[in-house]
Amino acid sequence: MSDAAVPGAEPAPPSATMMQAVIVGLLSFVIMMIDGYDIGAMPVIVPHLAPLWGEEPAVFGPALSAVVIGLGVGAFLFAPLGDRLGRRTTTVVSLAVISFATLGTAWSQTVGQLFWWRLLTGTGLGACLPNVLAILAQVVPAERRASAMTIVACGIPLGAAGAGLIVPWLTAGRGWQAAFTVPALLMFGVTALVALYLARVPMPEAPARAARTRRWHWTDIPVLAPLGEGYLLRTAIFSGLFCFNALTMYMLASWLPTILRQSGFTFENSALLASVVQIGGLFGGLILATQIDRHRTIGALLAGYALVSLCLVALALVAPGFVPWGAILLLIGMGVGGAHIALPAVAANIYPVTMLSAAIGLAVTVARLGAMAGPMAGAALIGASASASVFFLALLLPVGCCVLCVIAFARARLATGPA
C-alpha cells in the first residue's frame with residue numbers, strides 16, 4: 001500500500017518476455033472469468049433446481065454459502081503453499097480440483113452432495129486465485145504490475161455477470177447439469193493449457209529450496225510468513241482494510257435491491273441500479289490500478305473513500321430518482337468495488353515476491369469475515385425497519401474504518417521507513 005516498493009518485491013525476471021507476460025495475463029483472465037462464472041451460476045440455477053428436487057429455495061442456502069466458506073479455507077490453508085512448493089504446481093493442481101469439483105456439482109442428486117462439491121470448488125478457488133495473481137506479478141514489469149493484476153481480477157465479476165446470460169442457454173433442452181458440465185470440460189482444457197505453457201515461462205527458484213540452508217523458524221510455515229518480523233503490522237493493516245472494504249461492499253450489494261424497492265423503485269429499475277454499482281467497481285478498479293502503478297496508492301484510496309462517504313450522505317439527502325441515485329451509486333461502486341478489485345495488486349507493492357501468495361491468501365481469508373458480516377449487519381438494519389437514509393448512513397462506519405486503516409499505514413511508513 002505504500003508509495004515505495006518493498007525491498008525484495010523485485011520486478012519480473014529479465015528472462016520473462018513481454019509476449020510471455022501477455023500470454024500469462026490472457027490465460028489468467030480466462031481462469032478468472034471461468035471461476036467467476038462458476039460462482040455466479042449457482043444462484044441462477046437454484047430457482048430452476050428447487051422445484052425439480054421438490055425443495056424450497058431456502059434449503060439451498062448452505063450450498064450457496066459453501067463457495068464463500070471454501071474460498072476462505074483455500075486462501076488460508078492452501079494458497080500459501082505456492083510460496084513454498086511453487087506457484088505453477090499449486091495453480092495447476094488447484095485448477096484440476098476446481099474442474100473436478102465443478103463436474104461433481106453436475107453429478108449431485110441431493111442438496112447435501114451439492115454443498116460438499118461447492119465447498120471443494122470454493123477451496124480450489126481460494127488456493128488458485130492468489131497464486132494466479134502472484135504468477136502474474138512475477139512476469140509483468142513492475143511499472144504495469146498493478147494495472148495487469150487488476151484487469152485480470154476484473155474477469156471474476158465479468159464471468160459472474162455472464163452466468164446470467166449463459167446458464168439459461170446451456171440448460172435449455174440439456175438439463176441443469178449442462179450449466180456445470182460444459183464449464184468443467186472447458187476448465188480441464190484450460191488446466192492442461194496452463195500446465196503446458198507455464199512450464200516454459202522462466203520464474204525464480206522456489207523459495208523453499210533457497211531456504212533449506214536456514215535454521216527453521218515458525219514463519220517458515222507458509223500461511224504464517226506474512227506475520228513474521230517486519231511484516232506483522234502491514235499484514236494487520238492490509239487485512240483489516242480488505243475486511244472492512246468487503247463488509248461495506250457485501251452489505252451494500254446484499255440489501256441494495258431491497259432498499260431501492262422500499263424507496264419506490266420498480267423491480268426492473270432496482271436490478272438495474274444494483275448492476276450500476278458493479279459496473280462502477282470495474283471502472284474504479286482500473287482507475288485505482290493506474291494510481292498504484294504511479295505510486296499514489298495512499299492518496300488514491302483516501303480520495304476514493306472520501307468520495308464514497310460524500311455519496312452516502314448524498315443518498316440520505318437526495319430524493320429517490322433513477323438518474324441522481326444511479327450517478328451516486330456509480331461513484332460508490334467505483335470507490336468500494338474498485339478498491340476490492342485492486343487491493344490484491346496493492347499487495348505486490350508491500351510484500352516480497354517470496355510471500356505474495358501467502359499475503360494475498362491471508363488477506364482474502366480475513367476479507368471473508370467482512371463478506372459474511374456485511375449481509376448480517378444489513379439484515380439487522382432491515383429487521384429493525386431502518387429507513388434508506390439510516391441504512392446508507394450506517395455504511396459510513398465501515399468506510400470510516402477503511403480510512404483509518406489507510407491513515408495507519410501511512411503513519412507506519414513514516415515511523416519505520418519505506419514499507
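Everything numeric here is computed off the predicted structure, so don't read it as measured data. (Residues numbered from 1 in each chain as written. Predicted model: local features only at pLDDT ≥ 70, side-chain atom pairs only at ≥ 80, totals over all residues. Heavy atoms only, no water.)

1. Describing the overall build of the chain
Summing up its helical and strand segments, the chain has 16 helices and zero strands in all. A buried classification covers 54% of the 419 residues belonging to the chain. For the chain, contacts bridging at least 24 residues in sequence account for 85% of all contacts bridging at least 6. (Helix = DSSP H or I, 4+ residues; strand = E, 2+ residues; numbered from the N terminus. Buried < 20%, exposed > 50% of the residue type's maximum accessible area, 1.4 Å probe, protein only. Contact = heavy atoms within 4.5 Å.)

2. A word on the nonpolar core
Among the nonpolar cores identified, the biggest contains 91 residues, and Phe238, Ile332, Tyr351 and Phe392 are the most heavily contacted of them. Ranked by residues supplied to this core, first place goes to helix H13 (residues 322-350) with 13 residues. The residues contacting Phe392, other than those within four sequence positions of it, are Leu252, Leu256, Ile259, Leu312, Leu315 and Trp325. Within the second largest apolar cluster, 19 residues are counted, among which are Tyr37, Val46, Leu49 and Ala63. (Core = buried A, V, L, I, M, F, W, Y, C linked by side-chain atoms within 4.5 Å.)

3. Quick look at the environment of Val44
Structurally, Val44 can be placed in helix H1 (residues 18-53). It is 9.8 Å that separates the C-alpha atoms of Val44 and Ala179, two residues lying 135 residues apart in sequence.

4. Some points on the environment of Met355
In this fold, Met355 is placed in the loop between H13 and helix H14 (356-383). Residues Met355 and Ala134 lie 221 residues apart in sequence; the distance between their C-alpha atoms is 9.1 Å.

5. Things to note about the packing of aromatic side chains
Following the criterion strictly, the structure yields 10 aromatic pairs and no others. Consider the rings of Phe100 and Trp117, whose centres lie 5.4 Å apart with planes at 75°: the pair is edge-to-face. Of this pair, Phe100 sits in helix H4 (residues 87-107) while Trp117 sits in helix H5 (residues 111-139), placing them 17 residues apart in sequence. The exposure class of Phe100 is partly exposed, given its relative accessible area of 39%. (Phe/Tyr/Trp six-rings, centres within 6.5 Å; stacked < 30°, edge-to-face > 60°.)

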